[in-house]
Structure formats: structure tokens, C-alpha cells
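# Structure at a glance
One-letter residues, chain by chain:
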Amino acid sequence: MRKGLMAALMLLPALARADVVGEVSTVFKWVGPNDKIVVEAFDDPKVQGVSCYLSRAKTGGVKGGLGLAEDRAEASISCRQVGPIRFAGELKDGEVVFQQRTSLVFKTMQVVRFFDKKRNALVYLVYSDRVIEGSPQNAVTAIPIMPWPEK
């Protein structure tokens, strides 16, 4: 059974994990944590040498503290080349590289990657979706693939 579980986990897509870089409070709450804007960083799991920074709203209060609140759909993204770019496998357009739950069940925020062959650039799009309907709010960033100076 353990081998079957491990095999099933290997089939799941590799998604990046985010580190919290910082946060600022935007609304004071008497009970529970304040509403915040959180800045997180993650590395693309299939593209070595690329880091992305994501800012997003996080709802506080009692519901937010318990993980029951729905976070707003707004997010911003900025990705940068931080070293020599190397690909770890085949890149698929629209591949999810980062995903985070923004409500108890129905809403997620995700980052997808595209490769613009004509301009030799990686394009990252962040957006929020729901089971019923998505959100048109989104942000995009692009990284030209450039040679990295050797030390």
C-alpha cells in the first residue's frame, strides 16, 4: 500500500512552495489577525534560475484566523532571472507552477507559465478561479532568457 501511495504522489504535478518575504497590515481587526497584504517568493520547479514574487490580499478576523474566510482575487506577480536558466524537463504552455487555496473549498489562486518562443521569454500569469466562475483580475510578468555571466 505504501508503494502505491508513493507512486500516486509521484504522478502529481510538481508545484512550487512559497516562502513569506513580508507582510503589511491593511485593516485592523479587534478579534483575530488583521487583514494583510502578503509578499511571498517561490522558485519555478521546472526552470532553474527563475524566482517569482507574489503579493496578495489575506483576509483576517475570526474567519481568516480559522482559515474559513475567502481572500480577495487581486494579486500581483514579478518574476526575475536569478541565475543561469536551465530547464528540468519539457515545458507545457499554461502549466501550473504555483497554486494556493484562497477560500475554504471553492477558490484558488494560481500561477501558470508560458514560453514565448518568438521573443525567447518566459511569461508568468497569476489569476484566481472558483469552481463556479473565475475572476478576470490577473497580473502578468515576463522574463527574457538571457545568458548569465560566469564568475
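Refer to the structure presented above.
Each value, and the rule that gives it
All residue numbers refer to positions counted from 1 along the written sequence of the respective chain. Where local features are concerned, this predicted model is filtered to residues with pLDDT of at least 70; where side-chain atom pairs are given and counted, the filter is 80 or more; whole-chain, interface and lining totals use all residues. The side-chain numbers reported here are obtained from all heavy atoms of the structure, hydrogens and water having been left aside. Only DSSP runs of H or I covering at least 4 residues are called helices, and only runs of E covering at least 2 are called strands; the numbering of each starts at the N terminus. Buried residues are those whose accessible area, probed at 1.4 Å on protein chains only, stays under 20% of the maximum for their type, while exposed residues exceed 50% and partly exposed ones sit between those limits. In the analysis that follows, any N or O atom pair within 3.5 Å is treated as a polar contact, provided that within protein one partner can donate a hydrogen and the other can accept it, and provided that, for residues neighboring in sequence, both atoms belong to side chains. Contact criterion: two residues are considered in contact whenever any of their non-hydrogen atoms come within 4.5 Å of each other. Between 30 and 60 degrees the pair is tilted, below 30 it is stacked and above 60 it is edge-to-face, where a pair is any two Phe, Tyr or Trp rings, Trp via its six-membered ring, whose centres lie within 6.5 Å.

All right, on to the side chain of E40 then. Examined against the element boundaries, E40 turns out to sit in strand β2 (residues 35-43). E40 gets classed as buried once you look at its relative accessible area, which sits at 5%. A polar atom in the side chain of E40 sits 3.1 Å from the side chain of R56. Those residues within four positions of E40 in sequence are excluded, and the remaining contacts are A18, D19, V20, V21, C52, Y53, L54, R56, F98 and Q100.

Here the structure, examined in full by the defined rule, presents one aromatic pair. Both rings, one in F42 and one in F98, keep their centres 4.6 Å apart while their planes meet at 10°; by these two values the pair is stacked. Placement of F42 in strand β2 and of F98 in strand β5 (residues 95-101) is noted, with a sequence separation of 56 residues between them.

The next thing to look at is unusual backbone geometry. Positive phi, close to 50°, is recorded for N120, a residue that is not glycine. In this fold, N120 is placed in the loop between β6 (107-116) and β7 (121-130). According to the relative accessible area criterion, N120 is partly exposed, its value standing at 36%.

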